[in-house]
There are 2 protein chains.
Amino acid sequence: MRKRETVKRATAKEVAAAAGVSKWTVIRAFTPGSSITEESKRRVMEAAAALNYSPNLLARSLATNSTRQVAVFVDDFANPQKLPVLETLTEQLQAAGLVAMLININNHFDHVHALLHADQRQVDAVILFGTAFRDETLTDRQLGHTLPPMFVLARDSQIEGVPAVVCDAELALRDIVNHLYEKGYRRPAFMSGATALSTALRRKQHFTEFWAEKGIEVVDYLSAEKYSAEAGAISVRNYLSVTAAADRADVLMCENDILAFGAMDEIRGKFGLRIPEEIAIVGFDNYELGGSHAYSLTTYEQPRHEMVRAIIAMILGTVEAETVTLPGKLVIRNST
Amino acid sequence: MRKRETVKRATAKEVAAAAGVSKWTVIRAFTPGSSITEESKRRVMEAAAALNYSPNLLARSLATNSTRQVAVFVDDFANPQKLPVLETLTEQLQAAGLVAMLININNHFDHVHALLHADQRQVDAVILFGTAFRDETLTDRQLGHTLPPMFVLARDSQIEGVPAVVCDAELALRDIVNHLYEKGYRRPAFMSGATALSTALRRKQHFTEFWAEKGIEVVDYLSAEKYSAEAGAISVRNYLSVTAAADRADVLMCENDILAFGAMDEIRGKFGLRIPEEIAIVGFDNYELGGSHAYSLTTYEQPRHEMVRAIIAMILGTVEAETVTLPGKLVIRNST
DNA sequence: CACCTGCTTGCACCCGGTAGCAAGATGTTT
DNA sequence: AAACATCTTGCTACCGGGTGCAAGCAGGTG
C-alpha cells in the first residue's frame, strides 16, 4: 500500500504552537458553538490556513464514537435502476454530512462478512439496498449484539426490528390495474422473476387481487429465470409458442422493466406482434430506456427521492425508525 | 445521529482481562505473524469469541496511518455504463482488502470539496472515475500539498503527475473503421457529445484519421447537446431533415451507445429508415441494452476488468503508477 | 474593595489500537 | 550448571483528536 510518506497533514498541536495557544483552543475554533473569543478564533484560523490544517476525521470519529459513514450493501448490479438510486442516495447522504461506503455483496463477500466488516469500521448505519437476508443469518451466527443499526431500502425487511422503506405496492398495482381496465384490457397476464422476493410476490398478489375486484381473472402467470432481458424474452417465447392466438392475454405486466424490454423485443422481433394493439405491456421501475421510442413502456416509478429522504431521516434519528411505505407514480406511455 | 448506545463493542483491554493476559497479547493474537504461543493465542481467541471481539479498524487506521479506504469520485450517474464498472471496482477493491467510499460530485459538492473531505477522512487513494478537473483547480486552491494519491479511471488525466487508466482509443477506432470498411461502407459520419473531453476528441480524431488512411473522407460530423438518447435523437433528426437521401452517410458512428440508441429510435421511428440497410450505426461502450433485439448495436467494449485491475495495482503500489492504455474489443452485431 | 457570575482557557484523561524496546521465560549448548 | 540464544510478554510512548473539570480572568454589583 502506497503510504502517504510525502507531506504530513498538520495537527491541532502544530497549529496551536503556531498560534500561541493550546491545542484545545484550536479544537474549539473548529467546533461550532464552543466557547472561544473572536480574537483567539481568528488567530487559530490564520495559523490553520497557513499550515493547511483541517481536523482529522479519523481521530474525531474514534473519540466521538461516530464516523458519519453509512455502509450501503448492494448485491445486484445488473439492475440499471440501482444507479439513479445510488445517485440520489449519495447526494442526500452528503448533504446530511454523511458519506456512503459502497459494499458489493457477492459470492466472495456475503452479508455476514460485510456486516462484520462494516461493524469493524464503526459505520453509523447500514443500508441494505435492494438486498436482504433472513433473520436466522443474524441469530445463527451470533451477530446482532453490537451491530450497527440497519435499514432496508426498496425491499421488504426480513429481519425483526429492522425497518424498511418501500414503494407502496398496493397503490401501485391499483393504479396500474385501473389504468389497464380503463383502456379496455380484459385478459391480463403477469410475468414474475424467479426469486421468491416478498416485494415481487406482493406485486403479483395485488395484481391478481385488483383484477378480481373487477370480476376479472388473470389468464396466465409467466415466470422468468431471473431479472434480465434475456430471461424475459425466453419466458414470453415459451408462452407465445404454446398459446393459441385466441387464448392469449391482451396485456402482460412484467415485474420490472428489464423483463418487459426482453419480452417486447421477443414479441415484436420473433413473433411479429404489434404492441400495444395485439398485446400490451406494462413494466415496473421506469428505467431510463423505457422512455425511448423503441420501447415507450408504460411503467411505474418508485419515489426514490422520498424513499431516500425517509431512510436518511431514520438514520439521523429525526424520525422514528419504522417501516414506511411511500406512493410512487404511474408513467403511461405507448405500450398500453 | 442515532448513536450506538446499545451494546458497546468489546475492546482489546476487556478481552485481555477475560483471558488473563495483557492487551498487547490480545493484539498479537489478532496480528498475523506476530510472536505469540499457541496456548496464549487459544485463550485470547476463546475470550474474544465469548465477548464477540474484533479489532476496531478506526483505531487501527489512526495508529497505522492507513485506512484501506479508497474514495471513488463519480459525477455522471446518467451513464448506465458506470454501474458495471462500479461493480467490478468494488469487487476487486474488496478482494484486495480495500473498501470504496462513493462520492457524488455535483453542484453542491464539487471536486475541491470532495478532495478535502476525502483527505480529512484519510483515504489511501482517490479514484476519479470518468471525471476529472483541470490542473489549475489544484494549484489555484493551494491544494496538492497533503492530498492523497489520485488516479483517473476511464478518462484522460488532466493533472500533472496523476496517472490514468484508459481504453486504447487508437486501437478501438482502428478496429471499428476496419470493420466498417470491410463491410463496404464508404460514407462515414460521426456524432459526438457536446463536451470537449479529450477522450471524446480522440475518438473523433482517430475515426477521421483511419478513414483517411483508406483514402476516404468522413462526410459529416454531427454533435449532440449531451450524452443522452434524447440528444442523440435530436442531433440525427436535424441531420436527416436537412440532408438529401443521396448525400446521406451510409454509416454513423456515435460517440457512445446512449447517443446511438437515441439515433436509432429516431432513424427508424421518425424517418422509417432501415438499420443497417439504409444507414448503419456504431456505438461505443457496449451497454447491456445494445445486445437486445430492439437495438442489436455494434459497439466497442472497454476492458473494465483489466482497467480496474491496473488501477488497483497502482494503488497497492505493486506496479509503478503511470498512465496505461488497455485494449478493448469490438462487438459486432446487426446494426452494421 | 470584596464578592459573585460567567466566559475562556488549560489540563488530565480518554477513544482503541500500534511500534519498538527491554525484561522475563524458555530452551539449547558446552 | 553456567552461559547464551530465542521466543514471549509487558510496558512506555504515540496516532490526533474529544470530554469535563477547575483555574484564570473579566465585568458587574453591593
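Everything here concerns the structure above.
Parameters at a glance
- Residues numbered from 1 in each chain as written.
- Chains lettered and ligands numbered in written order.
- Predicted model: local features only at pLDDT ≥ 70, side-chain atom pairs only at ≥ 80, totals over all residues.
- Heavy atoms only, no water.
- Axes fitted to C-alpha atoms, helices over the stretch in contact; angles between N-to-C directions.
- Helix = DSSP H or I, 4+ residues; strand = E, 2+ residues; numbered from the N terminus.
- Parallel < 35°, antiparallel > 145°, perpendicular 65-115°, else oblique.
- Left-handed = near helix turned anticlockwise from the far one by under 90°.
- Contact = heavy atoms within 4.5 Å.
- Nonpolar A, V, L, I, M, F, W, Y, C, P; charged D, E, K, R; others polar.
- Buried < 20%, exposed > 50% of the residue type's maximum accessible area, 1.4 Å probe, protein only.
- Polar contact = N/O pair within 3.5 Å; in protein donor to acceptor, adjacent residues only side chain to side chain.
- Near = heavy atom within 4 Å.
- Least-squares fit on C-alpha atoms with pLDDT ≥ 70 in both.
- Pairing = 2+ DSSP bridges.

Colleague: Looking at this structure, how should I read the packing of helix α8 (residues 169-182) of chain A against helix α9 (residues 198-213) of chain A?
Modeller: What describes two packed helices is the angle between their axes and the distance between those same axes. Residues and elements named next belong to chain A. Between α8 and α9, the least distance of the axes is 9 Å, while the angle of their chain directions is 45°. One finds that α8 runs oblique with respect to α9. For α8 against α9, the interelement crossing comes out right-handed. Facing Ala169, Glu170, Leu173, Arg174, Val177, Leu180 and Tyr181 of α8, the residues of α9 in contact are Arg202, Arg203, His206, Phe207, Phe210, Trp211 and Glu213. Here the residues of the contact of α8 with α9 are counted per class, giving eight nonpolar, one polar and five charged.

Colleague: How do you make sense of the side chain of Arg9(B) when you look at a structure like this?
Modeller: Assignment of secondary structure puts Arg9(B) in the segment before α1 (12-19). Take Arg9(B): its relative accessible area is 11%, and that puts it in the buried class. Among the polar contacts listed, one links the side chain of Arg9(B) to the side chain of Gln122(A), at a separation of 3.1 Å. Of the polar contacts made by the side chain of Arg9(B), one reaches the backbone oxygen of Pro55(B); its length is 3.5 Å.

Colleague: How should the protein's contact with DNA strand C be read in this particular structure?
Modeller: Near DNA strand C lie 25 residues; those nearest to it are Ser22(A), Thr25(A), Ser40(A), Ile27(B) and Arg60(B). Here the atoms of DNA strand C within 4 Å of the protein split so that 57% fall in sugar or phosphate, with bases taking the remainder. In this structure, Trp24(A) approaches DNA strand C through a side-chain N or O atom, which is 2.8 Å from a base nitrogen. With five residues, the single largest contributor to the surface near DNA strand C is helix α4 (residues 57-64) of chain B. Partitioning the surface near DNA strand C into residue classes produces 12 nonpolar, eight polar and five charged.

Colleague: Is there a simple way to explain the relation of the copies chain A and chain B in this structure?
Modeller: Structural alignment of chain A on chain B gives an RMSD of 0.2 Å, achieved by rotating through 180° and translating 0.1 Å along the axis. As the rotation angle and translation indicate, the two copies are arranged about a two-fold axis. No C-alpha of chain A lies nearer the rotation axis than that of Met101(A), which sits 2.2 Å from it. When the interface residues of chain A are mapped onto chain B, 99% of them again fall at the interface, so both copies present the same face.

Colleague: Would you mind going over the pairing of strand β3 (residues 125-129) of chain A with me for this structure?
Modeller: Within a regular beta strand, the side chains point alternately toward one face of the sheet and then the other, so they alternate between its two faces. Residues and elements named next belong to chain A. Summarising burial for β3: five of the five residues are buried, a large majority. Burial of β3 is two-sided: the residues Ala125, Ile127 and Phe129 facing one way and the residues Val126 and Leu128 facing the other way are all buried. Here strand β1 (residues 69-74) pairs with β3 via four bridges, running parallel. Looking across to β3, one finds that Ala71 is bridged to Val126. In terms of strand pairing, β3 meets strand β4 (residues 150-153) through four bridges, oriented parallel. Across the sheet, residue Leu128 finds its bridge partner in β4, namely Val152.

Colleague: When you look at the sheet that holds strand β7 (residues 220-223) of chain B in this model, what are you seeing that I'm missing?
Modeller: Picture the strands of a sheet paired through backbone hydrogen bonds; they go either parallel or antiparallel. Residue and element names in this part refer to chain B. Reading across from one edge, β7-β6-β8-β9 is the order of the four strands in this open sheet, with parallel pairing throughout. Looking along the sheet, the strands with just one partner apiece sit at the ends: β7 and β9 (280-282). Shown here is a sheet whose adjacent strand axes are inclined to one another by a mean of 20°, direction ignored. Sheet analysis places strand β6 (residues 188-192) next to strand β8 (residues 251-254), joined by four bridges and oriented parallel. Note on β8: the bridge partner recorded for Ala189 is Leu252. Strand contacts of helix α9 (residues 198-213): β6, β7 and β8, with the helix running at about 170° to β6, the strand carrying the most contacts.

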